[in-house]
Amino acid sequence: MVQSTTQISRSRSASLLARPPFIPYTGTHPVRGNTPILEHAGPLRAVHGGPFAHRGELRQAKRIVVKLGSAVVTRGDECGLALGRLASIVEQVAMLQNQGREMMIVTSGAVAFGKQRLRHEILLSQSVRQALHSGQNQLKDMSMPLLEARACAAAGQSGLMALYEAMFTQYSTCTAQILVTNLDFHDDQKRRNLNSTLQELLRMNIVPIINTNDAVVPPPEPNSDLQGVISIKDNDSLAARLAVEMRADLLIALSDVEGT
């Protein structure tokens, strides 16, 4: 069974309490159970605007952010995606979208997808060079260079989005890609533009697929959360900030980390 939690972390809870409330919701690892994200509970009613008093009321959430952590999206070797697991989650999200809910996905996986792609290209290139050099197709002493995370993200983002689009198309659901950085939330004009774009996508019954723009994002500043502002240093903080900015009724964080 899934477990709920009423805080994201000690460093972020104070900032969130000052904003319109929502309840983070942490699910089991998809490998350990097939519990649906939310069960169908009949016609949706308007959310009252305050915190949910009981777990059963979570079914009435209309605007939902689903955060997919790296451990959920990627394979154990962190080189490539867990396709069966991801397909199961996409099916559930599409089902909720088709029930009239407004679904948003914050996803990891671009770096892992890009790492798989770049490793394949490097191995292919090395094997060709070694074959030409030795006259034989021998792959001895082939070393794998260290792959920089930003380069992996740049190589993997398009493939990750294409995979999401292909999966959601099976359920007649349209998707859109949104890449963000810290500046998109700290600059008032950019934040309003982001909010307006997401609102329009939701109005058109499109599922936004949101990720940090890891190809250009700088390293996080230390202790930035202690200044009372949620910084975008990973997809956990991105999902939290997005849920607050978009006044989401529910944040579902899928991870292999145990809930509290």
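## Considering the overall build of the protein chain
- What the protein chain contains, in helices and strands, is eight helices and seven strands.
- Across the protein chain, the fraction of contacts at a sequence separation of at least 24, relative to all contacts at a separation of at least 6, is 75%.
- Approximately 13700 Å² of the protein chain is accessible, and the part contributed by carbon and sulfur atoms is 53%.

## A few points about the pairing of strand E6 (residues 206-212)
- Among the seven residues in E6, seven count as buried, and that is most of the element.
- Neither face of E6 is left uncovered, since the one carrying Ile-206, Pro-208, Ile-210 and Thr-212 and the one carrying Val-207, Ile-209 and Asn-211 both have all their residues buried.
- Where strand E4 (residues 102-107) lies against E6, two bridges are found, and the strand directions are parallel. Bridge pairing links Ile-105 to Ile-209 in E6.
- Across seven bridges, strand E5 (residues 174-180) lies against E6 in parallel orientation. When the bridges of E6 are listed, Val-180 appears paired with Thr-212.

## Things to note about the side chain of Thr-175
- Looking at where Thr-175 falls in the secondary structure, it is placed in strand E5.
- In this structure, Thr-175 is in contact with Met-161, Glu-165, Phe-168, Ile-206, Val-207 and Ile-209, ignoring residues within four places of it in sequence.

## Remarks on helix H7 (residues 188-203)
- In a regular helix each residue adds 1.5 Å, so 16 residues correspond to 22 Å; H7 covers 22 Å between its end C-alpha atoms and thus fits that length.
- Taken as a whole, H7 has its buried residues at Leu-194, Leu-198, Leu-201 and Leu-202. On an axial view of H7, the arc spanned by its buried residues comes to 100 degrees, and they lie on one face.
- Elements in contact with the buried residues of H7: strand E3 (63-68), E4, E5, helix H6 (183-186), E6 and helix H8 (235-245).
- Between the side-chain oxygen at the start of H7 and the backbone nitrogen of Gln-189 there is a gap of 3.1 Å, and the oxygen is on Asp-187.

## Digging into H8
- Counting buried positions over the 11 residues of H8 gives 10, a clear majority of the element.
- Listed in full, the buried residues belonging to H8 are Asn-235, Ser-237, Leu-238, Ala-239, Ala-240, Arg-241, Leu-242, Ala-243, Val-244 and Glu-245.
- One or two positions beyond H8, positive phi appears at Arg-247, with a value near 50 degrees.

## Describing the nonpolar core
- Core analysis: the largest hydrophobic core is formed by 28 residues, its most contacted members being Val-66, Leu-68, Ile-105, Tyr-164 and Phe-168.
- Elements supplying a minimum of two residues to this core: E3, helix H2 (70-73), helix H3 (83-98), E4, helix H5 (149-169), E6 and strand E7 (250-254).
- Take this core: its biggest share by element is six residues, from H3.
- Setting aside residues no more than four positions away along its own chain, Leu-68 makes contact with Val-73, Leu-86, Ile-89, Ile-105, Val-106, Thr-107, Ser-108, Tyr-164 and Leu-254.

## Remarks on empty space enclosed by the protein
- In this structure the tally under the stated criterion is one cavity of 30 Å³ or more.
- One number sums up the size of the largest cavity: a volume of about 30 Å³.
- The wall of the largest cavity is formed by Arg-191, Leu-194, Asn-195, Leu-198, Leu-242, Glu-245 and Met-246.
- Those elements that provide at least two residues to the lining of the largest cavity are H7 and H8.
- Looking at the lining of the largest cavity, the element that brings in the most residues is H7, giving four residues.
- The residue inventory of the lining of the largest cavity, partitioned by class, reads four nonpolar, one polar and two charged.

What counts and what doesn't
Residues numbered from 1 in each chain as written. Predicted model: local features only at pLDDT ≥ 70, side-chain atom pairs only at ≥ 80, totals over all residues. Heavy atoms only, no water. Helix = DSSP H or I, 4+ residues; strand = E, 2+ residues; numbered from the N terminus. Contact = heavy atoms within 4.5 Å. Areas by Shrake-Rupley, 256 points an atom, 1.4 Å probe, with all protein chains shown as cover. Buried < 20%, exposed > 50% of the residue type's maximum accessible area, 1.4 Å probe, protein only. Pairing = 2+ DSSP bridges. Expected span 1.5 Å × (residues − 1). Arc of directions from axis to C-beta. Polar contact = N/O pair within 3.5 Å; in protein donor to acceptor, adjacent residues only side chain to side chain. Core = buried A, V, L, I, M, F, W, Y, C linked by side-chain atoms within 4.5 Å. 1 Å grid on protein atoms, 1.4 Å probe; cavity = no way out; pocket = protein on both sides within 12 Å on 5 of 7 lines; lining within 4 Å. Points joined across faces, edges and corners; volume = space filled by probe spheres on them. Nonpolar A, V, L, I, M, F, W, Y, C, P; charged D, E, K, R; others polar.

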